[in-house]
Amino acid sequence: MRHRIRTLAKLETILELSDAERAALGQGGDLLPLGITPYYMSLLDPADPQQPLRRTMVPVHQEFLRTPGEADDPLGEDEHTPVPGIVHRYPDRVLFLVHDHCASYCRYCTRSRVVGQGELQPDRARLSLGLEYIRNTPQIRDVLLSGGDPLTLSDDKLDWLLGELRSIPHVQFVRIGTMVPVVMPQRITPALVKMLHKHHPLWLSIHFTHPDECTPEVVRACRRLSDAGIPLGSQTVLLKGVNDSVPVMRDLLHRQLMMRVRPYYLYQCDPISGSAHFRTTVQAGLDLMRGLRGHTTGYALPTYVIDAPGGGGKIPLLPESVLGRDGDSLLLRSYTGKVHRYPDPQPGRGVARCESA
Ligand SMILES: *Cc1c(COP(=O)(O)O)cnc(C)c1O
Ligand code: SF4
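All of the points below concern the structure found in this document.

## Considerations on the site of ligand 1
- Val87, Arg89, Tyr90, Arg93, Leu95, Leu144, Arg175, Tyr264, Tyr265 and Lys314 make up every residue found near ligand 1.
- Here an oxygen atom of ligand 1 sits 2.8 Å away from a polar atom, N or O, in the side chain of arginine 175.
- Between ligand 1 and the protein, one listed contact pairs an oxygen atom with a side-chain N or O atom of tyrosine 264 at 2.6 Å.
- Contact with the protein chains removes 92% of the 380 Å² of surface that ligand 1 exposes when unbound.
- More than half of the atoms belonging to ligand 1 lie within 2 Å of the grid points that define the largest pocket.
- Elements with a minimum of two residues in the shell around ligand 1: strand 2 (93–97) and strand 7 (261–268).
- A per-class count over the shell around ligand 1 returns six nonpolar, no polar and four charged.

## Let's talk about helix 10 (residues 246–258)
- For helix 10, built from 13 residues, the straight-helix expectation of 18 Å at 1.5 Å per residue is met to within 8% by its first-to-last C-alpha distance of 18 Å.
- Those residues of helix 10 lying buried are Met249, Leu252, Leu253 and Gln256. The buried side chains of helix 10 occupy one side of the element, clustering within an arc of 95° when seen end-on. Exposed residues pointing more than 90 degrees away from the buried face of helix 10 are listed as Pro247 and Met258.
- Residues of helix 10 that are buried in the fold lie against strand 6 (232–238), strand 7 and helix 11 (282–292).
- Of the residues one or two after helix 10, arginine 260 is the one with positive phi, at around 60°.

## Some points on the nonpolar core
- Leu11, Tyr40, Ile134, Leu145, Leu196 and Phe208 are the most contacted members of the largest nonpolar core, which has 92 residues in total.
- Among the elements that take part in this core, helix 6 (residues 155–166) stands out by supplying five residues, more than any other.
- Other than its neighbours up to four places away in sequence, leucine 196 contacts Leu158, Leu162, Ile176, Leu202, Leu225 and Ile230.

## Some words on the pairing of strand 2
- In terms of burial, strand 2 is a largely internal element, four of the five residues being buried.
- In terms of strand pairing, strand 1 (residues 86–87) meets strand 2 through two bridges, oriented antiparallel. Residue pairing across strands places isoleucine 86 opposite phenylalanine 96, the latter belonging to strand 2.
- Here strand 1 folds back onto strand 2, and the loop between the two strands holds five residues.
- Judged from the five bridges that link them, strand 2 and strand 3 (residues 142–146) form a sheet pairing that is parallel. In the strand pairing of strand 3, valine 94 is matched with valine 143.
- Considered for its hand, the β-α-β crossover made up of strand 2, helix 5 (residues 124–135) and strand 3 is right-handed.

Thresholds, definitions, all that
Residues numbered from 1 in each chain as written. Chains lettered and ligands numbered in written order. Predicted model: local features only at pLDDT ≥ 70, side-chain atom pairs only at ≥ 80, totals over all residues. Heavy atoms only, no water. Near = heavy atom within 4 Å. Polar contact = N/O pair within 3.5 Å; in protein donor to acceptor, adjacent residues only side chain to side chain. Areas by Shrake-Rupley, 256 points an atom, 1.4 Å probe, with all protein chains shown as cover. 1 Å grid on protein atoms, 1.4 Å probe; cavity = no way out; pocket = protein on both sides within 12 Å on 5 of 7 lines; lining within 4 Å. Sits in = over half its atoms within 2 Å of the grid points. Helix = DSSP H or I, 4+ residues; strand = E, 2+ residues; numbered from the N terminus. Nonpolar A, V, L, I, M, F, W, Y, C, P; charged D, E, K, R; others polar. Expected span 1.5 Å × (residues − 1). Buried < 20%, exposed > 50% of the residue type's maximum accessible area, 1.4 Å probe, protein only. Arc of directions from axis to C-beta. Contact = heavy atoms within 4.5 Å. Core = buried A, V, L, I, M, F, W, Y, C linked by side-chain atoms within 4.5 Å. Pairing = 2+ DSSP bridges. Right-handed = clockwise from strand over helix to strand, strands pointing away.

On their own, these measurements won't tell you what the molecule is for.
So, in structure tokens, the structure goes:
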């Protein structure tokens, strides 16, 4: 963690930066922090700015372009926050943001408004507020720890937090959302895994993006977790030019099955500010799913979802939830029946125009 690449000066010693990358890093200011672990850095191509893994971690100036329908908090998480760090959107489960640090920062992060800002500290006083809320809300049977990345906490802190959650009788199910096994697989030590094992039933959702991430180190990390009886799922964000083709996605899904990781969700990229260069059309995602279904193992297929702008929860892209279009917006119905709009400009319009601006 201490040796992460965090500055333009350092990055320049490793990569040949493109103009778009240099322009972004030169602007500083509102930029989501730069942070790349040395391990993940070793997977980046020093010469090719279009390499998929490099695009996910190295900023480009398009991050500063705001296009219609984008927002800093597109999912309206701040509105569903009863105490700092708890997002209570669904009746029976909560998202518990344990802190705002990640091992590496993804440029398309849905929580780019909070991550790396240092506002959500993992001190016991704040975490205790979240625990108290969960303890006092008996309908919560499922707690998803996220952030930031919970696996960047120390073993001791995480052990304490999981122990507290497990002591709440109505909490049946705890899972951790993490990218650490992918960006810092060395963190998955025997000691960590032994500690996690004490808190079963515990599930893990691992954030994967591209088959190039499935290195021997990651294979070993997943094996350790699986061998400790932790069911592994994956979450992947659909990203233009990164993983939006059938061969790339199929390769990723197959490698996950071999690592005993069950693909869970494929997310349409959230319309956070400055994300147009990453977002595909929804049609592209549907075409991708059609190119996979039937052609591969059913276990390999994630559910393709949009996290509803405005906060309706995850909406699967199925005929019953897609109501139609209104200009550049796709109209979606959430599980509560409410209608949400996702900005989905068609090729040659909207996004394309903004990109060339
Ligand atoms: C994703 C999410 C969950 C978990 O949803 P599942 O569909 O059960 O995986 C819970 N709360 C919030 C706020 C979420 O964004
Ligand atoms: S690991 Fe998750 S929370 Fe952290 S920057 Fe990436 S997408 Fe955001």
